[in-house]
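Results of the structural survey
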Amino acid sequence: AAAGTLAAAALAGVLLWQNAGSSELRGLGAVDVAPIYLGAPVRAYQTNEFAVFDSAMVHYAVGRYAEAGALLERARTAGAQDAALDFFLGASQLLAGSPERAERAFTAVIDRGDNLYVAEAHFYRAKARLQRGDRNGALADLRAAAAQDGATRAGARALLQQLET
């Protein structure tokens, strides 16, 4: 009976320690400020899908991330192919509390190769991974973001220091 009680206490201690670590990771994955959308033309042509993109970004600009994400998903489903669309879809999903979906959208940006959003996509995918408790995946993305020029380079380096100590 004593051995069973000790085993149960040890298991409870491990679970509490893991939960505290997961809470800390989720906290590091918080996004306090949305990535900035400047409204600059990033497409050479306009289609109906990109008109939906523009409507989504009106919602995004005022902090209605769930609505923006739904419209961006609609544009994507309709065939829109654009790194900006995938990036802001990921940002909207992350800010709306869907880190798994955000991670997939940021992966689409990164998989496109060299584009304007790739460094930031690594940073925000790291945030999504932290929210999910994936420390190793977040570290890999933060290293990639810290190695590239971009608006998130300093933030990636600071977060790397926190995770590596």
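Below, the structure is looked at part by part. Remember, predicted model here, so these are calculated numbers, not experimental data.

1. Let's talk about helix α6 (residues 118-132)
Look at α6: 21 Å from first C-alpha to last across 15 residues, which is about the 21 Å you get at 1.5 Å a residue. Where burial is concerned, most of α6 is hidden: 14 out of the 15 residues are buried. Count one or two residues on from α6 and you reach G133, which has phi positive near 90 degrees.

2. So, helix α5 (residues 99-111)
With 13 residues, α5 ought to run about 18 Å at 1.5 Å a step, and its terminal C-alpha atoms sit 18 Å apart, in line with that. Among the residues of α5, those classed as buried are P99, A102, E103, A105, F106, A108, V109 and I110. On its buried side, α5 packs onto α3 (65-77), α4 (83-95), α6 and α7 (135-146). Taken from the residues just after α5, G113 is the one with a positive phi, measuring 85 degrees.

3. Here's the deal with the pattern of salt bridges
Going through the model one piece at a time under the given rule, you end up with ten salt bridges. For D141, the salt bridge goes to R125, with nearest N and O atoms at 2.7 Å. Remark: R125 occurs in helix α6 and D141 occurs in helix α7; sequence separation between them is 16 residues. For the pair D141 and R125, a shared accessibility class is recorded, and that class is buried. Bridged by salt links that share partners, the residues E103, R125, R129, R132, D134 and D141 form one connected network.

4. Some details on the packing of helix α2 (residues 48-61) against α3
Orientation of α2 relative to α3, taken along the N-to-C sense of each, is 170 degrees, at an axis distance of 8 Å. Taken together, α2 and α3 sit at an angle that is classed as roughly antiparallel. Here α2 contributes E49, V52, F53, S55, A56, M57, H59 and Y60 to the contact with α3, which in turn contributes Y65, E67, A68, L71, L72, R74 and A75. For the contact of α2 with α3, the residue count by class is ten nonpolar, two polar and three charged.

5. Some words on the packing of aromatic side chains
Within this structure, the stated rule accounts for eleven aromatic pairs. Look at F88 and Y117: their rings are 5.9 Å apart centre to centre, the planes differ by 80 degrees, and that puts the pair in the edge-to-face class. Of this pair, F88 sits in helix α4 while Y117 sits in the loop between α5 and α6; the two residues are 29 residues apart in sequence, bridging distant segments of the chain. Pair check on accessibility: F88 and Y117 agree, each one buried. Taken together, the aromatic side chains of Y37, F53, Y60, Y65, F87, F88, F106, Y117, F123 and Y124 make up a single cluster linked through ring pairs.

6. Things to note about the nonpolar core
In terms of nonpolar packing, the biggest core is built from 45 residues, with L72, F87, F106 and L142 touching the most fellow members. For this core, the elements supplying multiple residues, two or more each, are α1 (2-28), α2, α3, α4, α5, α6, α7 and α8 (153-164). Counting residues per element, this core draws most heavily on α4, at eight residues.

7. What to know about the side chain of Q131
Structurally, the position occupied by Q131 is in helix α6. Polar contacts involving the side chain of Q131 include one to the main-chain carbonyl oxygen of G29, which spans 2.8 Å.

8. A few points about the packing of α4 against α5
In a pair of packed helices, the angle between the axes and the distance between the axes together describe the arrangement. Contact pair α4 / α5: the axes reach a minimum separation of 8 Å and the direction vectors enclose 160 degrees. When the interaxial angle is binned, α4 and α5 end up roughly antiparallel. The two elements α4 and α5 meet at a crossing, and its hand is left-handed. Residues A83, D86, F87, L89, G90, A91, Q93 and L94 of α4 form the contact with α5, whose own contacting residues are P99, R101, A102, A105, F106, A108 and V109. Residues that form the contact of α4 with α5 fall into these classes: eleven nonpolar, two polar and two charged.

Scoring rules and cut-offs
- Residues numbered from 1 in each chain as written.
- Predicted model: local features only at pLDDT ≥ 70, side-chain atom pairs only at ≥ 80, totals over all residues.
- Heavy atoms only, no water.
- Helix = DSSP H or I, 4+ residues; strand = E, 2+ residues; numbered from the N terminus.
- Expected span 1.5 Å × (residues − 1).
- Buried < 20%, exposed > 50% of the residue type's maximum accessible area, 1.4 Å probe, protein only.
- Contact = heavy atoms within 4.5 Å.
- Salt bridge = Lys/Arg side-chain N within 4 Å of Asp/Glu carboxyl O.
- Axes fitted to C-alpha atoms, helices over the stretch in contact; angles between N-to-C directions.
- Parallel < 35°, antiparallel > 145°, perpendicular 65-115°, else oblique.
- Nonpolar A, V, L, I, M, F, W, Y, C, P; charged D, E, K, R; others polar.
- Phe/Tyr/Trp six-rings, centres within 6.5 Å; stacked < 30°, edge-to-face > 60°.
- Core = buried A, V, L, I, M, F, W, Y, C linked by side-chain atoms within 4.5 Å.
- Polar contact = N/O pair within 3.5 Å; in protein donor to acceptor, adjacent residues only side chain to side chain.
- Left-handed = near helix turned anticlockwise from the far one by under 90°.

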